[in-house]
There are 2 protein chains.
Amino acid sequence: MARTVAERPDAVLALAHTFRRHGYMGASLSVISAETGLGKGSLYNFFPGGKEEMAQAVLAEVGAWFRTRVYEPLLAPGDPTERIAEMFDRTAGYFESRELVCLFGAFALGQERERFASAIREYFLEWIAALELALTRTGHGPERSHQLAVDTVAGIQGALVISRALGEPEALRASLARLRARITPASGGHDSSQLG
Amino acid sequence: MARTVAERPDAVLALAHTFRRHGYMGASLSVISAETGLGKGSLYNFFPGGKEEMAQAVLAEVGAWFRTRVYEPLLAPGDPTERIAEMFDRTAGYFESRELVCLFGAFALGQERERFASAIREYFLEWIAALELALTRTGHGPERSHQLAVDTVAGIQGALVISRALGEPEALRASLARLRARITPASGGHDSSQLG
DNA sequence: CTTCAGTTGTACTGATAAGTACAGCATAGA
DNA sequence: TCTATGCTGTACTTATCAGTACAACTGAAG
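Keep in mind that what you see is a predicted model, and the values were worked out from it rather than measured.

Draft legend 1. Quick peek at the overall build of chain A. The secondary structure content of chain A amounts to 11 helices and zero strands. Going from N to C terminus, chain A has its helices and strands arranged as α-α-α-α-α-α-α-α-α-α-α. In terms of principal-axis extent, the alpha carbons of chain A reach across some 60 × 40 × 30 Å. Put simply, chain A has 196 residues, and 51% of those count as buried. Of the contacts formed within chain A by residues at least 6 apart in sequence, a portion of 63% connects residues at least 24 apart. Accessible surface computed for chain A: about 8,600 Å², of which carbon and sulfur atoms make up 53%.

Structure (structure tokens):
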């Protein structure tokens, strides 16, 4: 029903791409219009709140993606170590196919932080909470699980920073592999005393 | 000599503050002028290349600060474990007193990345190289030292992202403490098999 | 006290920003 | 086929953008 010419969900996907490429401030309405193929009329029809509502819609869409594709599978029944491995695979795949940009991370470091504070905060809290729960199921104690979850999510964000800073997209997957080995030592069969 | 009214180095320090608060794109010339107390005349007198030259000057100043205060001390004679501890202390102090913003990290995630690519790349490569060398002196093998250096610098950047995202400035120091404990296990007397 | 290089504020330019208004168009349901 | 709803492009407003031009001013050296 109501498929006239374009629909809001399609617009959100196109907007996500544009915000990733240009950031919030760099994505002017003319850039958005050109890259999404939507005129100003369509954009303000879908998003009466203007650019801010467009970005909020994108953040909501990305948040939902992670919730259903990463956080919930993390808590699914089965071997928690495998669930965690899955998390890393999906995370790597997501960012590799999206220009190595995490909009929440980029917004957190930029001026968008205040404007989108609650969405940003919720995204990371959800991720940390889900990973923390999975870690307790691997045998880690509650406090240690929390620390490992925070450090791992931070490590992923840091890996994105370094990959982009060095211009080495392949560095992301290597970093994620080491983060994974750290928190699921049973599967790898090594410990931190390994030198060299 | 030539102390008339203001000097370029003072301007660079003020500019650093403004770029940290507003980012590169958010720091319009009117904002810069208001926050630095310098008129457009002064700004374009000191930085004929405009805003880009202002930012390059700030990045150079920050890069020099880290080189003399962090990278070089890291390679100074003495217990490398203590040198590494010093690196974490100075790093924490730096970002805590500067709104939890690493301009290089923020620029790496934003649209400034291409414009300032070489400065960004050099900053992180220097840091990684210096830490890597210090780690080999603590007994880590060459490959392991490199990985640990990359992961630690990434971890610091990720800790900044998370601290800002959650609005918890104190989380930075806690994260840095754990990063430090990871790469200097001898001083802490524990290993990664510690659970709970 | 004069001189002059260096510093400063003001006024301007053309371009572009976000957002509004609205007439016209496409299409689904009747 | 008719019509109502929602989609779309164009033209517009007001504000701000980066950058330029330049006259006035400052203070150190002579």
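Having seen the structure, we can now continue with the description.
Draft legend 2. Up close: the nonpolar core. By size, the foremost hydrophobic cluster in this structure holds 132 residues, and its most contacted members are A:Phe19, A:Phe66, A:Phe124, B:Phe19, B:Phe66 and B:Phe124. Excluding anything up to four places from it in sequence, B:Phe124 contacts A:Val161, A:Ile162, A:Ala165, A:Leu166, B:Phe104, B:Gly105, B:Val153 and B:Gln157.

Draft legend 3. Structural detail: the interface of chain B and chain A. Tallying the contact residues gives 46 residues for chain B and 46 residues for chain A. Considering only the surface of chain B that becomes buried against chain A, B:Leu109, B:Arg164 and B:Arg178 emerge as the three largest contributors, covering 17% of it. Across the pair A:Asp151 and B:Arg178 runs a salt bridge, and its minimum N-O distance is 2.8 Å. Remark: the boundary between chain B and chain A carries 12 residue pairs in polar contact (both at pLDDT 80 or more).

Draft legend 4. The arrangement of the relation of the copies chain B and chain A in detail. Structural alignment of chain B on chain A gives an RMSD of 0.0 Å, achieved by rotating through 180 degrees and translating 0.0 Å along the axis. Taken together, the rotation angle and the small translation identify this as a two-fold axis. Among all residues of chain B, the minimum C-alpha distance to the rotation axis is found for B:Gly158, at 1.9 Å. Here 100% of the contact residues of chain B are again contact residues in chain A; the copies associate through an equivalent surface.

Draft legend 5. Geometry of the pattern of salt bridges. All names here are of chain A. Evaluation of the coordinates by the stated rule reveals 16 salt bridges over all chains. Across the salt bridge formed by Glu 126 and Arg 67, the nearest N and O atoms sit 2.7 Å from each other. With Glu 126 in helix H8 (residues 117-137) and Arg 67 in helix H4 (residues 51-74), this residue pair connects regions lying 59 residues apart in the sequence. Across the salt bridge formed by Glu 114 and Arg 113, the nearest N and O atoms sit 3.9 Å from each other.

Draft legend 6. The arrangement of the confidence of the model for chain A in detail. Averaged over every residue, the pLDDT of chain A is 92; the share at 70 or more is 92%. Ignoring residues within four places in sequence, the model shows residues 187-196 of chain A, a span with pLDDT below 50, making 15 contacts including any to other chains.

Draft legend 7. Main features of the packing of aromatic side chains. Counted by the stated rule, this structure contains 36 aromatic pairs over all chains. Ring geometry for B:Phe66 versus B:Trp127: centroids 5.4 Å apart, planes at 40 degrees, classification tilted. With B:Phe66 in helix H4 (residues 51-74) and B:Trp127 in helix H8 (residues 117-137), the pair connects residues that are 61 residues apart, well separated along the chain. Linked through ring pairs, A:Trp65, A:Phe66, A:Tyr71, A:Tyr94, A:Phe95, A:Phe104, A:Tyr123, A:Phe124 and A:Trp127 together constitute an aromatic cluster. Sitting over the ring of A:Trp65, A:Arg98 keeps its end group 5.7 Å from the ring centre.

Cut-offs applied
- Residues numbered from 1 in each chain as written.
- Chains lettered and ligands numbered in written order.
- Predicted model: local features only at pLDDT ≥ 70, side-chain atom pairs only at ≥ 80, totals over all residues.
- Heavy atoms only, no water.
- Helix = DSSP H or I, 4+ residues; strand = E, 2+ residues; numbered from the N terminus.
- Buried < 20%, exposed > 50% of the residue type's maximum accessible area, 1.4 Å probe, protein only.
- Contact = heavy atoms within 4.5 Å.
- Areas by Shrake-Rupley, 256 points an atom, 1.4 Å probe, with all protein chains shown as cover.
- Core = buried A, V, L, I, M, F, W, Y, C linked by side-chain atoms within 4.5 Å.
- Buried area = accessible area lost by both parts, 1.4 Å probe.
- Salt bridge = Lys/Arg side-chain N within 4 Å of Asp/Glu carboxyl O.
- Polar contact = N/O pair within 3.5 Å; in protein donor to acceptor, adjacent residues only side chain to side chain.
- Least-squares fit on C-alpha atoms with pLDDT ≥ 70 in both.
- pLDDT = per-residue confidence, 0-100.
- Phe/Tyr/Trp six-rings, centres within 6.5 Å; stacked < 30°, edge-to-face > 60°.
- Lys NZ or Arg CZ within 6 Å of the ring centre and 35° of its normal.

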